[in-house]
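# Survey of secondary and tertiary structure
Next come the chains, spelled out residue by residue.
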Amino acid sequence: MPQPWEGHILPLNHTRNNNIIIANLLKKSTMGKIGNHCFSRREGLLFILLIVSCTVFGLTCHFAQAEDLTVIDLIPAVRKSNYIVKSPDGVLTFQVAKGTSTASVSFKLLSLVSQTAIASSTYVLPEKTEAASDIYFLDISTSSDWSFIPRVIMSYPGDSNLRNIYYWNDADNQFRKLDSIKDLKKYTATADIAFPGKLIFVLLKEVESVGRASWYVHPKYRQELMAASTQFSWGAKVLVTNLANGKQVVVTIKDWGPDPAVHPDRVIDLGKEAFKKIASTRMGVIDVKVEPYQNPTATVAVNKQ
């Protein structure tokens, strides 16, 4: 059923820089035209007070800036092309694939807390993470006829840092990692929203990733210190530490893997030469910590200046 707020911007409690977005929703008036209405003295005074109040409010309130993301719309049942909404900064893309569904679905998407304001908000980020985007709010109306899966795509710079999408879990009031697929060459993380309702999510930068690592031989990079990852960007240099003996090796990400659906506990697969630097290949699988590699020569150069 069409909602009264479809296609409009509603008043919000949280927008960027604590601004308020004002909207006038057109409604059928139950009053007669002003010219045909005889006001009493009391009605006249109330009308004047209303005009004065609106004028003062208009002069003193702050309006949301253009970069704020606030979309309240209807996803049509018949879509000849992909339905796409993008944040002004290019970080977030909300997408529904083209096709035909059994019903239209109303939704709301907005920037709840700006990236710079998260530290002073009520949202507490997990340890060893920092915000890499605004906190976004997505609300999709529940319907038994909902027969398509919306997609959230988060873009990030192609560097050595590790980034993942997290969602706010109301059960324990914590951000939890959302299952997503990384495109290591396009530098995107994609999550399919397979359930209706409300979702608060954010892109977080992680300091490290801990899990298991195996080894393999890549036919093109046999002698190189390389690795396969589903998390770090293509070409990124990462530091891998064997948690059993403390040995470390710096590798370059040049392949995709291991498949999380097959090996959910593995965070990286090392090329054979890299694995040999920190463990015997006879071990097969080891426990490791993986973190972005910081070139020490760059730090020394800065300190000398």
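Everything in this summary refers to the structure shown in the same document. (Residues numbered from 1 in each chain as written. Predicted model: local features only at pLDDT ≥ 70, side-chain atom pairs only at ≥ 80, totals over all residues. Heavy atoms only, no water.)

## Concerning the pattern of salt bridges
Applied cut-off: Each reported salt bridge corresponds to a side-chain nitrogen of Lys or Arg within 4 Å of a carboxyl oxygen of Asp or Glu. Working definition: helices are DSSP H or I runs of at least four residues, strands are E runs of at least two. Numbering for both runs from the N terminus. With a 1.4 Å probe rolled over the protein chains alone, any residue whose accessible area is under 20% of its type maximum counts as buried; one over 50% counts as exposed, and the rest are partly exposed.
Overall, the coordinates contain 11 salt bridges when judged by the stated rule. Between R212 and D287 there is a salt bridge whose closest N-O contact spans 3.1 Å. Taken as a pair, R212 in strand β15 (residues 209–216) and D287 in strand β20 (residues 286–292) lie far apart in primary sequence, 75 residues in all. Relative accessible area serves as the criterion here: at 39%, D287 is assigned to the partly exposed category. For E291, the salt bridge is made with K289, and the minimal N-O distance between the two is 3.9 Å. By relative accessible area, K289 is classed as partly exposed at 23%.

## Considering the environment of I278
What counts, and what does not: We call two residues contacting when some pair of their heavy atoms lies within 4.5 Å.
For I278, the position within the fold is in helix α2 (residues 272–278). Counting along the chain gives 34 residues from I278 to A244, while the straight-line C-alpha distance between them is 9.6 Å. With sequence-adjacent residues up to four places away left out, I278 is seen in contact with V240, N242, N245, K247, Q248, V249, L270 and I286.

## Overview of the sheet that holds strand β9 (residues 151–155)
Heads up, the rule is: Here the rule is simple: two strands pair whenever DSSP picks up at least two bridges between them. Only the stretch in contact is used when a helix axis is fitted, and all axes are lines through C-alpha atoms; the angle between N-to-C directions ranges over 0 to 180 degrees.
Spatial ordering of the open sheet is given by β3-β4-β9-β13-β12, a layout of five strands whose pairing is antiparallel. Taken across any chain shown, the strands that pair with only one partner, and hence form the sheet edges, are β3 (83–86) and β12 (181–183). Within this sheet the neighbouring strands show an average axis-to-axis angle of 20°, counted without direction. Bridge analysis of strand β4 (residues 92–96) against β9 gives four bridges, and the strand direction is antiparallel. Its bridge partner lying in β9, T93 is registered against I153.

## Notes on unusual backbone geometry
A negative phi angle is the norm for most residues apart from glycine, just as the trans form is the norm for most peptide bonds. Cis geometry is adopted by the peptide bond preceding P258, which originates at G257 and carries an omega value of -10°. One can find P258 in the loop between β18 (248–255) and β19 (266–271). Of note in this structure, K128 is not a glycine but carries a positive phi near 60°. Although it is not a glycine, Y187 sits at a positive phi angle of roughly 60°. Locating Y187 in the fold gives a position in the loop between β12 and β13 (188–192).

## Digging into the environment of Y167
Relative to the helices and strands, Y167 resides in strand β10 (residues 162–169). Given the relative accessible area of 24%, Y167 is considered partly exposed. Every residue in contact with Y167, bar those within four places of it in the chain, is listed here: Q174, F175, R176, K177, L178, L199, I200 and F201.

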